[in-house]
Amino acid sequence: MKTIHDILKLGDPKLYEICEPVLESELPLVPGWVQQLHEAMEDIRKVYGFGRGIAAPQLGIMKRLFYLNLDRPYVILNPELKNLSDEKFELWDDCMSFPNLLVKVARHESLTLDYLDENWEKQSLSVTGALSELIQHEYDHLDGILCTMRAIDGKSFKLKK
């Protein structure tokens with residue numbers, strides 16, 4: 001069972017690596033990876049009270065996969081971001097890899113997410129606001145980018161109370 005202790009923390013070199021695409025031949029591995037992501041996210045929710053999504057590299061699974069648990073679970077394989085809006089908004093972002101730190105970032109207001117689901121079927125979601133931000137955050141993890149690297153300026157960090 002994966003827990004908060006299995007989530008890689010800020011400074012771990014794996015968090016800065018670019019992930020490899022999930023191959024169709026790896027589809028049988030996906031349910032196990034998703035179960036690990038789900039368990040770790042549930043533990044974060046219990047301990048810190050937040051968590052709507054988690055990216056595979058946060059558990060050292062270096063694949064282009066993230067998991068969202070919103071109105072229902074979403075398994076996102078090999079995502080592509082499209083139609084990124086020119087309009088942006090600022091917010092204090094948090095991350096399971098540094099759960100006591102908030103980072104002020106600017107994110108696109110809206111986007112379209114194209115991806116493969118757990119059945120290797122093409123899906124597309126057009127989202128705005130908080131969901132757009134969440135998808136950008138998780139997608140960044142797949143490219144080795146943390147929200148600390150997207151901070152608006154040198155004063156864009158604060159500890160959670």
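Keep in mind that this is a model prediction, so the values were computed, not measured.

Attention now moves to helix H1 (residues 30–48). The terminal C-alpha atoms of H1 lie 26 Å apart, and with 19 residues this matches the ideal 27 Å at 1.5 Å per residue to within 8%. Considering only its buried residues, H1 is in contact with strand S1 (53–55), strand S2 (65–69) and strand S3 (73–82). Gly 49 sits one or two positions beyond H1 and adopts a positive phi of about 75°.

It is worth spelling out the nonpolar core at this point. Core analysis: the biggest nonpolar cluster contains 21 residues, and Ile 54 and Leu 65 have the highest contact counts within it. Elements that contribute at least two residues to this core include exactly H1, S2 and S3. Looking at which element gives the most residues to this core, the answer is H1, with seven residues. For Leu 65, the contacting residues outside a window of four places in its chain are Val 22, Trp 33, Val 34, Leu 37, Ala 55, Ala 56, Pro 57, Val 75, Ile 76, Leu 77 and Leu 142. Core analysis: the next-biggest nonpolar cluster, separate from the first, contains 15 residues, Cys 19, Tyr 74, Tyr 115 and Leu 142 among them.

Bringing the sheet that holds strand S4 (residues 88–93) into the picture now. Across a sheet, strands are paired by hydrogen bonds formed along the backbone, either parallel or antiparallel in direction. Overall, antiparallel pairing links the three strands, which are arranged S4-S5-S8 in an open sheet. Of all strands in the sheet, those with a lone pairing partner are S4 and strand S8 (157–159), marking the two edges. Adjacent strand axes in the sheet meet at a mean angle of 30°, parallel and antiparallel pairs treated alike. Here S4 runs beside strand S5 (residues 101–108); their pairing, made up of six bridges, is antiparallel. Looking across to S5, one finds that Trp 92 is bridged to Lys 104. Packing against the sheet, helix H2 (residues 129–142) makes contact with S4 and S5, and its axis sits at approximately 105° to S5.

The rules we used
- Residues numbered from 1 in each chain as written.
- Predicted model: local features only at pLDDT ≥ 70, side-chain atom pairs only at ≥ 80, totals over all residues.
- Heavy atoms only, no water.
- Helix = DSSP H or I, 4+ residues; strand = E, 2+ residues; numbered from the N terminus.
- Expected span 1.5 Å × (residues − 1).
- Contact = heavy atoms within 4.5 Å.
- Core = buried A, V, L, I, M, F, W, Y, C linked by side-chain atoms within 4.5 Å.
- Buried < 20%, exposed > 50% of the residue type's maximum accessible area, 1.4 Å probe, protein only.
- Pairing = 2+ DSSP bridges.
- Axes fitted to C-alpha atoms, helices over the stretch in contact; angles between N-to-C directions.

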